[in-house]
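Each chain, written out:
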Amino acid sequence: MRNRHIEVSPLAGALGAELGGVDLSRPLPEEVHGEVLDALHEHIVIFFRDQELDCAQHQAFASNFGPPIEHPFTRGLDEWPETIEIIRSPGEDYNWDSKFHSDLMFLEAPPMGASLYALEIPPYGGDTLFVNMYLAYETLSEKMKEVLSGLRGVNESGPPSGYSTPGAMAGKQGEPMFASHPVVRTHPVTGRKALFVSPGFTRRIEGMTEDESRPLIEFLCSHALRPEFSCRFRWSAGAVAVWDNRVSLHRAVPDFFGEVDNYRRVMHRVTIGGDRPI
Ligand code: SIN
């Protein structure tokens, strides 16, 4: 795809591209907006470096992809409830996203994506990994694709208290949430099919017990997590990532804690509303 207004540098063979020549603090001109959306649809996760955004600018940028929404279990900033501050502090063994996941799969309409903006980054570690779920689907055998066709996964949030951490990320009251979605979903823009299961949220196949479902879910998740379907982003302060949550998994690597590596990592995330998967 030829871009006339932005530079696109792929990060890995599977997914991910850094975009240059875009100032996210200002409204995106129409042609730039079109090229950024095309890059997201082609590369699934796009990255920008050296941005300076206040909360209003970050939310306005995220709105280029869809409506910002509040997180059901993590409290947003007082004046910007759709922006959550993800903080990992020295000595904390807590890990907000310890498993690969697609965000909020337990909602009836899970997010289309999210924009993550780095404010404070450790000198090493704290990268984020992303996985291409189109590739995870496309590399299955035709027989396995037949087996999956029509199956629905039951996705559970787990306890709401798992989304907050004392002194850093405030939680919201609530009951655990559940949603059933197709195990294979079709992207509304590209028309491509992608696996829609995750180790973080998918507990069972609808109509089957957890014991019956486990081997299939474990196989699909371990297949999806093959390194050649992934990319890894090294953060710098001022970097922004936007991912298409419909066709990717992600997780942060919490490798900068403990006696020696006493660093903080602070990110602002705006979650972007999506549609019911089909
Ligand atoms: C997230 O799961 O939304 C956060 C990822 C990260 O902090 O790198």
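Provided above is the structure to which this section pertains.
Residues numbered from 1 in each chain as written. Predicted model: local features only at pLDDT ≥ 70, side-chain atom pairs only at ≥ 80, totals over all residues. Heavy atoms only, no water.

Can you walk me through the overall build of the chain in this structure?
Scanning the chain from N- to C-terminus turns up five helices and 16 strands. Here the C-alpha radius of gyration of the chain, 18 Å, is about what a compact globule of 278 residues would show, namely 19 Å. Out of the 278 residues belonging to the chain, those deemed buried represent 54%. Sequence-distant contacts, at least 24 apart, represent 82% of the contacts inside the chain between residues at least 6 apart. For the chain, the accessible area works out to roughly 12300 Å², and carbon and sulfur atoms hold 50% of it. Put simply, the chain has 26 plus and 39 minus side-chain charges, and the middle of one group is 5 Å from the middle of the other. (Helix = DSSP H or I, 4+ residues; strand = E, 2+ residues; numbered from the N terminus. Rg over C-alpha atoms; globule rule 2.2 N^0.38 Å. Buried < 20%, exposed > 50% of the residue type's maximum accessible area, 1.4 Å probe, protein only. Contact = heavy atoms within 4.5 Å. Areas by Shrake-Rupley, 256 points an atom, 1.4 Å probe, with all protein chains shown as cover. Lys, Arg positive; Asp, Glu negative; His and termini not counted. Charge placed at Lys NZ, Arg CZ, Asp CG, Glu CD.)

So what exactly am I meant to see when it comes to the sheet that holds strand β8 (residues 152-156) here?
Sheet strands pair by backbone hydrogen bonding; their relative direction is either parallel or antiparallel. Reading across from one edge, β9-β8-β12 is the order of the three strands in this open sheet, with antiparallel pairing throughout. The sheet is open, and its two borders are formed by β9 (178-182) and β12 (202-205), each paired with just one other strand. Each neighbouring strand pair of the sheet contributes to a mean axis angle of 30 degrees, computed without reference to strand direction. Taken together, the five bridges between β8 and β9 define a ladder with antiparallel strand orientation. Note on β9: the bridge partner recorded for Gly153 is His181. (Pairing = 2+ DSSP bridges. Axes fitted to C-alpha atoms, helices over the stretch in contact; angles between N-to-C directions.)

Would you mind going over the nonpolar core with me for this structure?
If you look at soluble globular proteins, the nonpolar side chains tend to sit buried side by side. Ranked by internal contacts, the top residues of the largest apolar core, which has 44 residues, are Phe130, Met133, Leu148, Val183, Leu195, Leu220 and Trp235. Element by element, the count of residues in this core is highest for helix α5 (residues 210-224), at five residues. Among residues more than four places away in sequence, those in contact with Phe130 are Leu15, Val45, Phe47, Phe229, Ser230, Cys231, Phe233, Trp243, Leu249 and His250. (Core = buried A, V, L, I, M, F, W, Y, C linked by side-chain atoms within 4.5 Å.)

Can you walk me through the pattern of salt bridges in this structure?
In a structure, side chains of opposite charge can pair up when their charged atoms sit close to one another. The tally for this structure, following the rule as stated, stands at 14 salt bridges. As a salt-bridge pair, Asp103 and Arg269 come within 3.1 Å of each other at their nearest N and O atoms. Pair noted here: Asp103 is in the loop between β5 (83-88) and β6 (113-120) and Arg269 is in strand β16 (residues 265-272), with a separation of 166 residues, a long-range link. Judged on exposure class, the residue Asp103 and its partner Arg269 are both buried. Measuring nitrogen to oxygen at the nearest pair gives 3.2 Å for the salt bridge that ties Glu142 to Lys145. Here Glu142 and its partner Lys145 are both found in helix α4 (residues 142-148), three residues apart, which amounts to about one turn of the helix. The exposure class of Glu142 is exposed, given its relative accessible area of 56%. Owing to a relative accessible area of 15%, Lys145 belongs among the buried residues under this scheme. Each of Asp127, Arg232 and Arg234 takes part in salt bridges that share partners, so that together they form one network. (Salt bridge = Lys/Arg side-chain N within 4 Å of Asp/Glu carboxyl O.)

Where do I start with the pairing of β6 in this structure?
Among the eight residues that make up β6, six are buried, leaving the element largely enclosed by the rest of the structure. Judged from the five bridges that link them, β6 and strand β14 (residues 240-244) form a sheet pairing that is antiparallel. By the bridge assignment for β14, Gly113 is matched with Asp244.

Teacher, can you tell me more about α5 here?
Residues separated by three or four positions in an α-helix point in the same direction, a consequence of the helix having 3.6 residues per turn. In this model, α5 (15 residues) spans 20 Å end to end at C-alpha, consistent with the 21 Å of a helix rising 1.5 Å per residue. Turning to α5, its buried residues are Ser213, Leu216, Ile217, Leu220, Cys221, His223 and Ala224. Where the residues of α5 are buried, they touch β7 (128-132), α3 (133-138), α4, β11 (193-195) and β12. (Expected span 1.5 Å × (residues − 1).)

Treat this as a map of the structure, not an account of what it does.
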